[in-house]
Amino acid sequence: MRLRGFLAVVLAAVCGAPFAVRGQFSIAEQFSASVITNRMGETLPVRVWRRYQPKDCPVPVVVLLHGSGECGTDNAAQLTPFRSFYQTVLVDASLPPALYLIPQCTQRNGWVREVSFEAQRRLPRYPAPALRTVKEYLDALVQQKVADPDRLYIGGYSLGGFGTWDAIARWPGYFAAAVPVCGGGAEQAEAVAHAAKTAVWAFHGAADAVVPVVCSRRMIAALGQAGVVPKYTEYPGAGHNIWVRAFGDSAMVRWMFRQRRGQVEQAPGTSVINAFFRQLKAYVTPD
């Protein structure tokens, strides 16, 4: 598909008549079903919430990546885990107009090419096709001035948490903020240096029996060593299923929308701070 045709598909999906905010409507009713088509003609199901008017453009864009349990092609299963996020956004009148996207991948075409809990895990050379398709979609929205390039946000849990770490390590400074929940990423120096270009607030359950909590701890420690100040909330005694709590955190949502591309908080260059991140066992963000 030529780029012009691809952009037309994108605009048809996101620039129609915007939805009004209707508190009595469920997430499934508020998010309309659509399809992303990339330059190669590959498609990806997506649910879209247009919480803006055309005059508001360019607007912030929030991309939410689901976990492995919601993989498929029904363009519905990926919504349920983000209901707490939807309700939090719905009632917060302080948030700006924005475009929200919840795409759906399959088990064979996930958000990452591999999931590994090993410290030696390296970033694959190429992104997973599903994640690449999401990135192309965002590129087109920016080109057409629907999306504000300084306010692109990404978050996800479990498989989507790995996809979130992958995205910020692969495209440095592209996203203003990232919220990886119970995920993990590549700890090689170049990948961490790239991820350090995005503001991060990570979440994990201390008793996670599916994705070991050390996966998030190591990434937070690596970012601190790279000279930035990430945020990290670890829920004591909590298992894997923490995404409802994390994405329903109103403080996190407001923090996310305050972030702008290129404004990552830098850590003081002191040995005390560096030692703290090296010796990280569990860092719980205070209320």
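Quick caveat: nothing in here was measured; it's all calculated off a predicted structure. (Residues numbered from 1 in each chain as written. Predicted model: local features only at pLDDT ≥ 70, side-chain atom pairs only at ≥ 80, totals over all residues. Heavy atoms only, no water.)

Caption draft 1: Here's a closer look at the sheet that holds strand S2 (residues 43-51). Taken in spatial order, the eight strands of this open sheet run S1-S2-S4-S3-S5-S6-S7-S8, and their pairing is mixed. The sheet is open, and its two edges are formed by strand S1 (32-37) and strand S8 (231-235), each paired on a single side. With strand direction ignored, the average angle separating the axes of adjacent strands in the sheet is 20 degrees. By the bridge criterion, six bridges tie strand S3 (residues 59-65) to strand S5 (residues 147-157) in an arrangement that is parallel. Each bridged residue has a counterpart across the sheet, and for Val59 the counterpart in S5 is Ala147. Across the face of the sheet, helix H3 (residues 83-91) comes into contact with S2, S3 and strand S4 (98-103) while running at roughly 25 degrees to S2. Packed on one face of the sheet, helix H9 (residues 250-258) meets S3, S4, S5, strand S6 (177-181), strand S7 (199-205) and S8 and runs near 160 degrees to S7. (Pairing = 2+ DSSP bridges. Helix = DSSP H or I, 4+ residues; strand = E, 2+ residues; numbered from the N terminus. Axes fitted to C-alpha atoms, helices over the stretch in contact; angles between N-to-C directions. Contact = heavy atoms within 4.5 Å.)

Caption draft 2: Representation of the side chain of His240. Examined against the element boundaries, His240 turns out to sit in the loop between S8 and helix H8 (243-247). At 2.9 Å, the side chain of His240 and the side chain of Ser158 are in polar contact. If we ignore the near neighbours within four places in the chain, the residues touching His240 are Ser158, Cys182, Asp208, Val210 and Val211. (Polar contact = N/O pair within 3.5 Å; in protein donor to acceptor, adjacent residues only side chain to side chain.)

Caption draft 3: Structural context of empty space enclosed by the protein. Counting across every chain of the model gives one cavity of 30 Å³ or more. Each pocket or cavity is described by its volume, and for the largest cavity that value is around 30 Å³. Residue lining of the largest cavity: Ser116, Gly184, Gly185, Glu187, Cys215, Arg218 and Met219, and that is the complete set. (1 Å grid on protein atoms, 1.4 Å probe; cavity = no way out; pocket = protein on both sides within 12 Å on 5 of 7 lines; lining within 4 Å. Points joined across faces, edges and corners; volume = space filled by probe spheres on them.)

Caption draft 4: Looking closely at the packing of aromatic side chains. Applying the stated criterion across every chain yields a total of 16 aromatic pairs. With 5.3 Å between their ring centres and 75 degrees between their planes, Phe82 and Phe247 make a pair best called edge-to-face. In this pair, Phe82 is assigned in the loop between S3 and H3 and Phe247 in helix H8, connecting sequence segments 165 residues apart. Take Phe82: its relative accessible area is 0%, and that puts it in the buried class. Ring plane angle 15 degrees and centroid distance 5.4 Å describe the contact between Trp201 and Phe203, whose orientation is recorded as stacked. An identical accessibility class is assigned to Trp201 and Phe203; each is buried. Members of the aromatic cluster, joined through ring pairs, are Phe31, Trp49, Phe82, Phe85, Tyr86, Tyr100, Tyr153, Tyr157, Trp243, Phe247 and Phe257. The side chain of Lys135 reaches across the aromatic face of Tyr174, ending 4.4 Å from its centre. (Phe/Tyr/Trp six-rings, centres within 6.5 Å; stacked < 30°, edge-to-face > 60°. Buried < 20%, exposed > 50% of the residue type's maximum accessible area, 1.4 Å probe, protein only. Lys NZ or Arg CZ within 6 Å of the ring centre and 35° of its normal.)

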